[in-house]
Amino acid sequence: MTPRRSNARMIQEWVTAYSFLLPNILGLMIFVFIPILYAFYVSLHDWNALSPKVYVGFQNYVTLISDEQWWHSVTRTLLFSVVYVPLLFCLALLSALLVNGLRGKSVGVVRTMFLLPFAVTSVISAIIVMFLLDPRNGLANQLLSLVGIGKQQFLGSPTQAIFCVILTLLWINIGYNMTIFLSAIKEIPIDYFEAAHIDGATRFQSFRYITFPLLRETNTFILIVTTIASFQIFDHIIVMTKGGPMNSTEVSVLYIFKEAFQMLNMGYSSALAFVLFLIVFAFSMIQLKFFSSKD
Amino acid sequence: MKRNWKTLGVAAISSVLVLQLGCGSSPTEAPKAGEATPKGTEATKETSSAKKDKVKLAFWDMHTEAESKFFKDLVDAYNKSQDQVQIEYSTYDQASYTTTKLPTGFASGAGPDLYMISPGDFMKFAKSGLMKDLTPDFPAGVKEDFLPASLEAVTYNGKIMALPFELETLGLYYNKEMLDKAGVQVPKTWDELHAAAKKLTTDKVAGLIIPPDKGPYFNFIWYPFLWQQGGNVLSADGTKSTFNTPETAKALDFWGSFFKDGLSPKKLQLGPWEIDNLGNKTAAMQIVGTWAINRIEEKYKDVPIGLAPLPIPAGGKAATDAGGWKMAVNGQSKNAAEAAKFVMWAFGSSDLSHALKWGTEVKFAYSPRKSVVEKGKDIYNKGLRKVFTEEIYNSAIPEPRYPSEVVEAVGDAMQYVMYGKMSGADAAKTVDAKITEILSKQK
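Computed from a predicted model, the values in this text were never measured in an experiment.

Enquirer: Go over unusual backbone geometry, please, and point to the residues and values.
Expert: Cis geometry marks the peptide bond from Gly244 of chain A to Pro245 of chain A; its omega dihedral reads -10 degrees. Mapped onto the fold, Pro245 of chain A is located in the loop between α11 (235–240) and α12 (252–262). Phi is positive for Asn157 of chain B, which is not a glycine, with a value near 55 degrees. As for its position among the elements, Asn157 of chain B is in the loop between β4 (155–156) and β5 (159–160). The exposure class assigned to Asn157 of chain B is exposed, which follows from its relative accessible area of 64%. For Lys281 of chain B, which is not a glycine, the phi torsion comes out positive at approximately 60 degrees. Residue position: Lys281 of chain B is located in the loop between α10 (276–279) and β9 (283–289). You can call Lys281 of chain B partly exposed: its relative accessible area is 40%.

Enquirer: So what's going on with the confidence of the model for chain A? Residues and values would help.
Expert: Chain-level pLDDT for chain A is 91 on average; 97% of the residues reach the 70-or-more range. Mean pLDDT across the elements of chain A ranges from a minimum in helix α4 (residues 106–119) of chain A, with 85, to a maximum in helix α2 (residues 59–65) of chain A, with 96.

Enquirer: Summarise a positive patch on the surface; cite the residues concerned and give the values.
Expert: Residues and elements named next belong to chain A. Residues Arg103, Arg111, Lys186 and Arg203 make up a contiguous surface patch of positive charge. Inspection of the secondary structure puts Arg203 in helix α9 (residues 203–214). Look at Arg203 and you get exposed, because its relative accessible area is 78%.

Enquirer: Outline the sheet that holds strand β2 (residues 85–91) of chain B, listing residues and values.
Expert: Residue and element names in this part refer to chain B. The strand order β2-β1-β3-β12-β6 describes an open sheet built from five strands, whose pairing is mixed. A strand with exactly one partner marks an edge of an open sheet, and here the two such strands are β2 and β6 (162–164). Taken over all neighbouring pairs, the strand axes of this sheet differ in orientation by 25 degrees on average, direction set aside. The pairing of strand β3 (residues 114–117) with strand β12 (residues 326–329) spans four bridges and is classified as antiparallel. From the neighbouring strand, Met116 faces β12, where its bridge partner is Met327. Its contacts with the sheet place helix α2 (residues 65–81) against β1 (55–61), β2, β3 and β12, and it is angled at close to 170 degrees to β2.

Enquirer: Can you tell me about a nonpolar patch on the surface, naming the residues and giving the values?
Expert: Residues and elements named next belong to chain A. Taken together, the side chains of Trp14, Tyr18, Leu21, Ile25, Leu28, Met29, Ile30, Phe31, Val32, Phe33 and Ile34 define a hydrophobic patch exposed on the protein surface, amounting to about 980 Å² of accessible area. Assignment of secondary structure puts Leu21 in helix α1 (residues 3–43). Looking at Leu21, the relative accessible area reads 41%, which means it is partly exposed.

Enquirer: Lay out the environment of Thr248 of chain B with the relevant residues and their values.
Expert: Residue and element names in this part refer to chain B. Residue placement: Thr248 occurs in helix α9 (residues 246–260). Using a relative accessible area of 0% as the deciding quantity, one classes Thr248 as buried. Spatially, the C-alpha atoms of Thr248 and Lys429 are 9.5 Å apart, while their sequence positions differ by 181 residues. Each residue touching Thr248, except ones within four places of it in the same chain, is listed here: Trp222, Leu226, Thr242, Phe243 and Ala428.

Enquirer: Describe the packing of α9 of chain B against helix α18 (residues 424–442) of chain B, naming the residues involved and giving the relevant values.
Expert: Axis angle and axis distance: for two packed helices, these are the angle between their axes and the distance between the axes, and together they describe the pair. Residues and elements named next belong to chain B. In the contact formed by α9 and α18, the axes pass within 7 Å of each other and the chain directions differ by 120 degrees. What the angle tells us is that α9 and α18 run oblique. You can see that α9 and α18 cross each other, and the crossing is right-handed. Taking contact as the criterion, the partners of Thr248, Ala249, Leu252 and Asp253 in α9 are, on α18, Gly424, Ala425, Ala427 and Ala428. Taken together, the residues that form the contact of α9 with α18 break down as five nonpolar, two polar and one charged.

Enquirer: Let's hear about the side chain of Thr220 of chain A: which residues, and what values?
Expert: Residue and element names in this part refer to chain A. Tracing the sequence through the fold places Thr220 in helix α10 (residues 216–231). Thr220 gets classed as buried once you look at its relative accessible area, which sits at 9%. Engagement of the side chain of Thr220 in a polar contact is seen with the backbone oxygen of Arg216, the distance being 2.8 Å.

Enquirer: A description of the interface of chain A and chain B should follow, citing residues and the corresponding values.
Expert: Tallying the contact residues gives 42 residues for chain A and 42 residues for chain B. The junction of chain A with chain B conceals about 3,400 Å² of combined surface from both sides, 60% of it contributed by carbon and sulfur atoms. Where chain A meets chain B, there are one salt bridge. One salt bridge connects Glu408 of chain B with Lys258 of chain A, and the closest N-O pair in it is separated by 3.4 Å. At the junction of chain A with chain B, the criterion picks out 15 residue pairs in polar contact (both at pLDDT 80 or more).

Enquirer: Let's hear about the packing of aromatic side chains: which residues, and what values?
Expert: Residues and elements named next belong to chain B. For the structure on display, the rule yields 57 aromatic pairs over all chains. Residues Phe71 and Phe165 carry aromatic rings whose centres are separated by 5.8 Å and whose planes lie at 75 degrees to one another, so their mutual orientation is edge-to-face. Placement of Phe71 in helix α2 and of Phe165 in the loop between β6 and β7 (168–175) is noted, with a sequence separation of 94 residues between them. Taken individually, Phe71 and Phe165 each receive the classification buried, so the pair is uniform in this respect. Seen from their ring centres, Tyr366 and Tyr393 are 4.7 Å apart, and the 40 degrees between their planes marks the pair as tilted. You can see Tyr366 sitting in the loop between α13 (353–362) and α14 (370–375) and its partner Tyr393 sitting in the loop between α16 (385–392) and β13 (396–398), a full 27 residues away along the chain.

Enquirer: For the side chain of His236 of chain A, give the residues involved together with the corresponding values.
Expert: Residue and element names in this part refer to chain A. Mapped onto the secondary structure, His236 falls in helix α11. Look at His236 and you get buried, because its relative accessible area is 4%. Here Ser125 takes part through its side chain, which lies 2.9 Å from a polar atom of the side chain of His236. Every residue in contact with His236, bar those within four places of it in the chain, is listed here: Ser122, Ser125, Ala126, Thr168, Leu169, Ile172 and Thr241.

Enquirer: Requested: an account of the pairing of β1 of chain B, with residues and values cited.
Expert: Both faces of the sheet carry side chains from a regular strand, because those side chains alternate between them. Residues and elements named next belong to chain B. The buried fraction of β1 is high, at five of seven residues. Sheet topology places β1 next to β2; seven bridges connect them, and they run parallel. Each residue of the ladder has a partner; that of Leu57, found in β2, is Ile87. A crossover links β1 with its parallel partner β2, the connecting element being α2, and its sense is right-handed.

About the cut-offs
Residues numbered from 1 in each chain as written. Chains lettered and ligands numbered in written order. Predicted model: local features only at pLDDT ≥ 70, side-chain atom pairs only at ≥ 80, totals over all residues. Heavy atoms only, no water. Helix = DSSP H or I, 4+ residues; strand = E, 2+ residues; numbered from the N terminus. Buried < 20%, exposed > 50% of the residue type's maximum accessible area, 1.4 Å probe, protein only. pLDDT = per-residue confidence, 0-100. Patch = residues over 30% accessible without salt bridge, like charges linked within 9 Å, V, L, I, M, F, W, Y side chains within 5 Å. Areas by Shrake-Rupley, 256 points an atom, 1.4 Å probe, with all protein chains shown as cover. Salt bridge = Lys/Arg side-chain N within 4 Å of Asp/Glu carboxyl O. Lys, Arg positive; Asp, Glu negative; His and termini not counted. Charge placed at Lys NZ, Arg CZ, Asp CG, Glu CD. Pairing = 2+ DSSP bridges. Axes fitted to C-alpha atoms, helices over the stretch in contact; angles between N-to-C directions. Contact = heavy atoms within 4.5 Å. Parallel < 35°, antiparallel > 145°, perpendicular 65-115°, else oblique. Left-handed = near helix turned anticlockwise from the far one by under 90°. Nonpolar A, V, L, I, M, F, W, Y, C, P; charged D, E, K, R; others polar. Polar contact = N/O pair within 3.5 Å; in protein donor to acceptor, adjacent residues only side chain to side chain. Buried area = accessible area lost by both parts, 1.4 Å probe. Phe/Tyr/Trp six-rings, centres within 6.5 Å; stacked < 30°, edge-to-face > 60°. Right-handed = clockwise from strand over helix to strand, strands pointing away.

Written as structure tokens, this is what we have:
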């Protein structure tokens, strides 16, 4: 191949590649990067969305440092993530292993059953759970009474409400994450397991030394994506508890929403949103570094 | 090369699709102020007879069903009655109307010329210049027809910034049969209300339904208990907190006792404003407003529901909230004068038919105009309405228009006591400091 032909081919490949990337680049620019920059710009202003913006420099950032309610909401979000992410990860992986072990026609049915809650709209799933957890007439309390446990307040209790939300999200999301794990498990060559079996490895040893290490990339993906999602939890909370009772489920995004749309403190809420973005970004980077360190 | 063009074509179509997904307008997207072009499904279609040189006005609302139809018909009637102005009516989901729809509409310069506003949001919009001073638009003699307190509630810097067209007061609804069975008299005092709720509470029936979740409605139901003892959240001029008082502590403790003693549910399946809680017999008593009456007559004719004024504390005096939406004109609209004419035509003219229809047929609410109440006195004395008219109406105090931060802080105090975190006195003291701080930042 002459150098001229080679150059022409490279240009052609370059054009083809960027033509396919263009929609995503445009989408990211318009719906992600520009809004982030605009949010930062707004965060430097005192603005109630109705009157003109007044430039205040970094005043909003200074205010948020001493905003106890904000930091409480961040702590709540972190606690939520610390409980929710490992639980989701473990349960989705466990479900994938169990479903992977199934044989015959039941596999499709079981997989569909796991995935079905994911197809339910978040608002509807939240309302279904609210009915189940109703303190007076809900099914959950009726079942508990069968085993001698007294009536619980669930979403009406400052200590139980956040766990009810976690339970709902687990119900919704386990199936989806299980499907990702399952497809990754299916990618592992069967020969590895057969060889291990011949060498006398137990099922746990096969999982410990073959399955889990080979799922590293999937693990990283699921942990990062679910951690980011856990920081963004909003729809279920606004429907199920509205941040209550006694602010016990007021996570960061809900606090930002309240500041923005109930108090109309757009400048301040943009500063909060920008700080939350930095926190999530830092967490994602740490996770990426930690889980990809052996590569 | 042919293949390359094909590739580029696919990529270009994908780009367009992605952009369309992001930029596609929502079905309820609003028309611009002054040059309304409604796209929403609820929007009134422009009639073919509309002339091109007419001034176009956008009117945003949050009512639904029969209430929305009333305003749509009102707009249609106005459009037909003259050939200068064409109003386009759009209605939106109430949950997002004041939180996202109005602020983003105004922020993007696409807000309406006319809009509905609640007392809780009044100050934010009035302070931002988004309300036209309607004082000069009142026809002669009409202003005097309004209850002074109702106009005071929409006055800012000495100017009437919105037109009140309804007053929704609160009362204690109860299931007569349940009270009779339990041998309970209709409660008249706080102690009687608590004792009655205790007797009426069972595994399946709540003694008293009051709102458990924070928000403007939560406070709206609690304020009367504070007012009944002469207490208040802020001073008359709204510049100082008056929250740290024995009256506040007592009202908070009273409110909290229903939740702490298990007489009021901490979580509700239905909204606390829905009389269905009482209608479907899952509650024995409920504090709700005038709006419940039409629902009772339509859906719960067979349920023996009674109504009484809100119980008062020993030595207290009757008080109830008078809430209700108001109509406002965008002060920044270039057609504000035309918009104000419509508002006055609808509820501020000598023709009382619209106000009467709204308060007696479409829903049950009092008009802030004395002549309307007088004209509809037969209806205002029909069934349960009579209790409101004769025993409750005179004790009505307009719903306060506190800043959202103050509403939030008062809600915190109520929940601190409800969930046993603090006593009423401690909550009053803690939140008083918070309100003082909020007010200091607002100056």
